[in-house]
Amino acid sequence: MAVRDGLVVWVGSDAVGRERFPQAEVDDLDGGFVTPGFVDSHVHVTETGLCRTGLDLRPATSSRHCLQLVADYAAAHPGQPIWGHGWDETDWPDGAPDTAAVDAVVGDRVAYLSRVDVHSALASTALRRRVTGLSGDAVLSGPLSGEAHHRVRAEARELLTADQRSAARTAALDAAAAAGIVMVHECAGPDIGGLDDWRELRALSHGVEVVGYWGEPVDSAARARELVADTGARGLGGDLFVDGALGSHTAWLHQPYADAPDCTGVCHLDKATIEAHLRACTEAEVPAGFHVIGDAAVSSVVAALEQVVEDFGVAAVARCGHRLEHLEMVNAEQAAKLGSWGVIASMQPAFDARWGGDDGMYSQRLGAERAAGLNPFALLASQGVPLAFGSDSPVTALDPWAGVHAAARHRTPGSAVSMRAAFAAATRGGWRAGGVHDGVTGTLVPGAPASYAVWEVGELAVEAPRDTVQRWSTDPRSGVPPLPVLDSGAAPRCRRTVHRGVTLYG
């Protein structure tokens, strides 16, 4: 591959390349291989960085272990507010801790500890007291969800210093570059990081490209245009919450949770608000979108989209590039409609790897039958729904190869897509979801931006006979040889990440 001025200018055999470009600087990769750079279609940059620079609770294996991690962090950072993320009680033998247990290790200090899905959180009494109006034994003792969680999170966010936020963002984008990621889609909003956080992220100079979505509903085309101009976001969507998450029992369901028979989750936006937002954005030709996980949430959005399509026409809706984040509980009829309307599915394959299967969290929350229908990548692809893959980091790690493998090895038979399709959704799919439709970005063909990663094959990976190797070239005309077989061992290790000809890592 030959690169000049940030563009791929030639791809072909080594001998021909050396003859054609005799004055070129030659970089022999010594057994490594090159792919297009990955795009993560759904991240929260500051929160991701806070896991790297602060308290990461994802390794916790029990309530006791979680509290010990909190205690150790508190002791090492005296006098500072404690912001932690990632506890997941799904497989813990002792369940989630309560406020009293948190207070026992942090004392009178402010502590905010979000669950892995960031739709509920533990908060110390010192933090709860800073928020007026919290009442009731459940609110005071257990994990917070819904509006109470949003208010406590906003208060905790205000206590972070500018230096903490800045260091966190840099750490997150550095980690993305080290994972072969050249662009991320930041899903910002009033209830996530707030407007100041988003504006600070936009002002950050870093080689990893950031495309932003702002999750705030509008009710007129004028307001849609005004909000896009004010925020600089590409669209009004991302984590515009219609509902919550399955793990926190806040995803909005038609039928109650299997392990909480009196609960059907939380509805944050009614159908009228959803339809008004879609109508305003379609008229303004602004990409709209929603966070939708539960089947009732999906039904509400599809019904609203159907009305907007009826009023504006398919072409007007399709050209906007509306997108749905997560889209975990979607049926065949809905998938067919979304495909015909050009609605993009921004999904996270690592969710299935982590919570799918007969004994996973999905089955615990929904029962095996309903859980088997979650994250149906093959169904959506078969109906023409464009797929873009990401991590929802910090919910799951910035690890695009893990996502590709998870999509190709779905824990429900019949729901996986091919490795080629999964790889495309993690590269070209992200560019297209972000509004780039030039036909070459996200590939390695002449004329494409030189945005790529150099990889070293994992130590346990082995070459297979040539006739069994999947040809992963992003364009059959490019002449790129097949990648090594990556199924049988460690994931590839990133040696270098380059975006538009500029080295970001390695």
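Use the structure listed above.
Computed from a predicted model, the values in this text were never measured in an experiment.

## Description of the overall build of the chain
Line of reasoning, step 1. A tally of helices and strands in the chain yields 21 helices and 18 strands.
Line of reasoning, step 2. Taking 2.2 N^0.38 as the reference for a compact globule, 506 residues should give roughly 23 Å; the C-alpha atoms of the chain span a radius of gyration of 23 Å, in line with that estimate.
Line of reasoning, step 3. Each of the three principal axes of the chain carries a C-alpha extent, and together these read 75 × 60 × 45 Å.
Line of reasoning, step 4. Among the 506 residues that make up the chain, the fraction classed as buried is 56%.
Line of reasoning, step 5. Residue pairs in contact within the chain that sit at least 24 positions apart in sequence constitute 74% of those at least 6 positions apart.
Line of reasoning, step 6. In the structure as shown, the chain presents an accessible area of about 20,400 Å², 50% of it carried by carbon and sulfur atoms.

## Considerations on the environment of L7
Line of reasoning, step 1. Counting through the fold element by element, L7 comes out in strand β2 (residues 7-10).
Line of reasoning, step 2. For L7 and P446, which are 439 residues apart along the polypeptide, the C-alpha to C-alpha distance reads 7.6 Å.
Line of reasoning, step 3. L7 has contacts with A2, G447, A448, P449 and A450, leaving out every residue within four places of it along the chain.

## Focus on unusual backbone geometry
Line of reasoning, step 1. A cis geometry characterises the amide bond from S393 onward to P394, with omega recorded as 20°.
Line of reasoning, step 2. Tracing the backbone shows P394 in the loop between β15 (387-389) and α19 (400-408).
Line of reasoning, step 3. Not every positive phi belongs to a glycine, and H249 is a case in point at roughly 60°.
Line of reasoning, step 4. Along the chain, H249 turns up in the loop between α10 (221-231) and α11 (271-284).
Line of reasoning, step 5. A positive phi angle, near 55°, is found at E285, a position not held by glycine.
Line of reasoning, step 6. Within the secondary structure layout, E285 lies in the loop between α11 and β12 (289-292).

## Quick notes on the sheet that holds strand β17 (residues 493-499)
Hydrogen bonds between backbone groups are what pair the strands of a sheet, and the pairing can be parallel or antiparallel.
Line of reasoning, step 1. Strand order in this open sheet of four strands is β3-β16-β17-β18, and the pairing throughout is antiparallel. Looking at strand neighbours, the two that pair on one side only are β3 (33-36) and β18 (502-505), the edges of this open sheet. Going from strand to strand, the sheet's axes swing by 30° on average, the running direction of each strand aside.
Line of reasoning, step 2. Of the strand pairs in this sheet, β3 and strand β16 (residues 452-456) are connected by four bridges, and their pairing is antiparallel. Counterpart to T35 in the pairing with β16 is A453.

Parameters and conventions
- Residues numbered from 1 in each chain as written.
- Predicted model: local features only at pLDDT ≥ 70, side-chain atom pairs only at ≥ 80, totals over all residues.
- Heavy atoms only, no water.
- Helix = DSSP H or I, 4+ residues; strand = E, 2+ residues; numbered from the N terminus.
- Rg over C-alpha atoms; globule rule 2.2 N^0.38 Å.
- Buried < 20%, exposed > 50% of the residue type's maximum accessible area, 1.4 Å probe, protein only.
- Contact = heavy atoms within 4.5 Å.
- Areas by Shrake-Rupley, 256 points an atom, 1.4 Å probe, with all protein chains shown as cover.
- Pairing = 2+ DSSP bridges.
- Axes fitted to C-alpha atoms, helices over the stretch in contact; angles between N-to-C directions.

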